[in-house]
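Here's the letter readout for the chains.
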Amino acid sequence: MIQKTAELLKANGVTMLRAGAFKPRTSPYAFQGMGIEGLEILKRVRQKTGIGIVTELMDTENADAVEDAADIIQIGTRNMQNFSLLKRVSKAKKPVLLKRGMSATLEEWLMAAEYVMSGGNYNVILCERGVRTFSDHSRNTLDLGVIPPCRTLSHLPIVVDPSHGTGKRAYVPPMALAALAAGADGLLIEIHPDPDRAMSDGAQSLDFAAFLKLLGQLRTLVEMFGRTI
Ligand code: PEP
Ligand code: MN
């Protein structure tokens, strides 16, 4: 499935594939990811297709293995203030995708980025993935309003994850387009060859056809703005 997904992305001009081998799951009984074996799959697919790999590091214990498999190391929302982990990736040779903590203010998020940069790794990408509010119509509340102030305060690129931000696949395309319009530098969108059979987060994953349709719409919007993503 990873190979098929990577081929689809490459064929359509998408250069990075994000896939979690180590999964932070709310329930200890839920699928925890394939771990080291998953990293091996990602490395094989990178080798075969040339796609870049973004994958999550959850603990310092697996830092070397994840750094080896990843082109970008993802730090998840639950670890945004895991300072020992931030210090560890500040010594990594790979860029860091820093997801916003689900209850983090912009300042707390930027300070977490400072932990990575002050240790010597200046390649930090911020990722807005929704925060927790009283709203219960979607999994999280995607805070697109954070993008303009973030641009004012920081030079760091910011990408948006409308999949975790909404939790429902029908809401992903409109919020992806809105994120671009609000100034995002990129998007993290969950896709799956057969979303209803996914081991994790299938409800928020697009199938290939829906993804390609959205990609076309995003490209039209990008052309209108005269920007690149
Ligand atoms: C993920 O990207 O699969 C993930 C677990 O995201 P978050 O840390 O935003 O919940
Ligand atoms: Mn997920």
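Please refer to the structure placed before this passage.
Residues numbered from 1 in each chain as written. Chains lettered and ligands numbered in written order. Predicted model: local features only at pLDDT ≥ 70, side-chain atom pairs only at ≥ 80, totals over all residues. Heavy atoms only, no water.

Could you give an account of the overall build of the protein chain, with specific residues and numbers?
Counting secondary structure elements, the protein chain contains nine helices and seven strands. Computed over the C-alpha atoms, the radius of gyration of the protein chain is 17 Å, within 12% of the 17 Å expected from 2.2 N^0.38 for a compact globule of 229 residues. C-alpha extents for the protein chain along the principal axes are approximately 40 × 40 × 35 Å. Counting across all 229 residues of the protein chain, residues that qualify as buried make up 50%. For the protein chain, long-range pairs separated by at least 24 residues make up 64% of all intrachain contacts whose partners lie at least 6 apart in sequence. Surface exposure of the protein chain reaches about 11,200 Å², of which carbon and sulfur atoms provide 55%. (Helix = DSSP H or I, 4+ residues; strand = E, 2+ residues; numbered from the N terminus. Rg over C-alpha atoms; globule rule 2.2 N^0.38 Å. Buried < 20%, exposed > 50% of the residue type's maximum accessible area, 1.4 Å probe, protein only. Contact = heavy atoms within 4.5 Å. Areas by Shrake-Rupley, 256 points an atom, 1.4 Å probe, with all protein chains shown as cover.)

Account for the environment of F208, naming residues and giving values.
Structurally, the position occupied by F208 is in helix α9 (residues 208-225). Overall, the relative accessible area of 17% leaves F208 in the buried class. Taking C-alpha positions, F208 is 10 Å from K4, a pair spaced 204 residues apart along the chain. Not counting the four nearest positions on each side in its chain, F208 is found in contact with K4, T5, L8, I191, H192 and P193.

How would you explain the coordination of the manganese ion (ligand 2) if you had to name every residue and give the values?
Only H164 (NE2), E190 (OE) and D201 (OD) from the protein reach the manganese ion (ligand 2) as donors, at distances of 2.2 to 2.7 Å. Counting gaps between the donor residues of the manganese ion (ligand 2) yields the pattern H-x25-E-x10-D. Taken as a pair, H164 in helix α7 (residues 162-166) and D201 in the loop between β7 (186-187) and α9 lie far apart in primary sequence, 37 residues in all. Here H164 and D201 have matching classes, each one buried. (Donors = N, O, S within 2.8 Å, 3.2 Å for Na, K, Ca; no water.)

Break down the side chain of R129 for me, citing the residues and quoting the values.
Locating R129 in the fold gives a position in the loop between β5 (124-128) and α6 (147-153). Buried and unpaired, R129 has no salt bridge, with D161 as the nearest side chain of opposite charge at 5.7 Å. Every residue in contact with R129, bar those within four places of it in the chain, is listed here: T77, R78, K99, R100, M102, N140, L142, D161, H164 and G165. (Lys, Arg positive; Asp, Glu negative; His and termini not counted. Salt bridge = Lys/Arg side-chain N within 4 Å of Asp/Glu carboxyl O.)

For the environment of G38, give the residues involved together with the corresponding values.
Structurally, G38 can be placed in helix α2 (residues 35-49). Assessed through its relative accessible area of 8%, G38 is described here as buried. Separated by 17 residues in the primary sequence, G38 and A21 have C-alpha atoms spaced 4.9 Å apart.

Quick one: what's the story with the site of ligand 1, residue by residue and with numbers?
What surrounds ligand 1 is the set R18, K23, P24, E56, Q74, G76, T77, R78, K99, R129, H164 and E190. At 2.9 Å, a backbone N or O of T77 approaches an oxygen atom of ligand 1. Between an oxygen atom of ligand 1 and a side-chain N or O atom of R78, the distance comes to 3.0 Å. Coverage of ligand 1 by the protein chains reaches 97% of its 300 Å² of free accessible surface. Across the shell around ligand 1, the residue classes tally to one nonpolar, four polar and seven charged. (Near = heavy atom within 4 Å. Polar contact = N/O pair within 3.5 Å; in protein donor to acceptor, adjacent residues only side chain to side chain. Nonpolar A, V, L, I, M, F, W, Y, C, P; charged D, E, K, R; others polar.)

Tell me about helix α1 (residues 2-11), and please be specific about residues and values.
An α-helix turns once every 3.6 residues. As a result, residues three or four positions apart point the same way. Inspection of α1 places T5, A6, L8 and L9 among the buried residues, and these make up the whole buried set. Each buried residue of α1 lies within a common arc of 160 degrees when the element is viewed along its axis, so the set occupies one face. Summarising the geometry of α1, the exposed residues directed more than 90 degrees from the buried face are K4 and A11. With its phi angle positive at about 80 degrees, G13 sits one or two positions after the end of α1. (Arc of directions from axis to C-beta.)

Outline the environment of N79, supporting the account with residue identities and numerical values.
On the secondary structure map, N79 appears in the loop between β3 (72-75) and α4 (83-89). Each C-alpha atom of the pair N79 and D59 lies 8.8 Å from the other, and the pair is 20 residues apart in sequence. Not counting chain neighbours up to four residues away, the residues in contact with N79 comprise L57, M58 and L85. A polar side-chain atom of N79 sits 3.3 Å from the main-chain carbonyl oxygen of M58.

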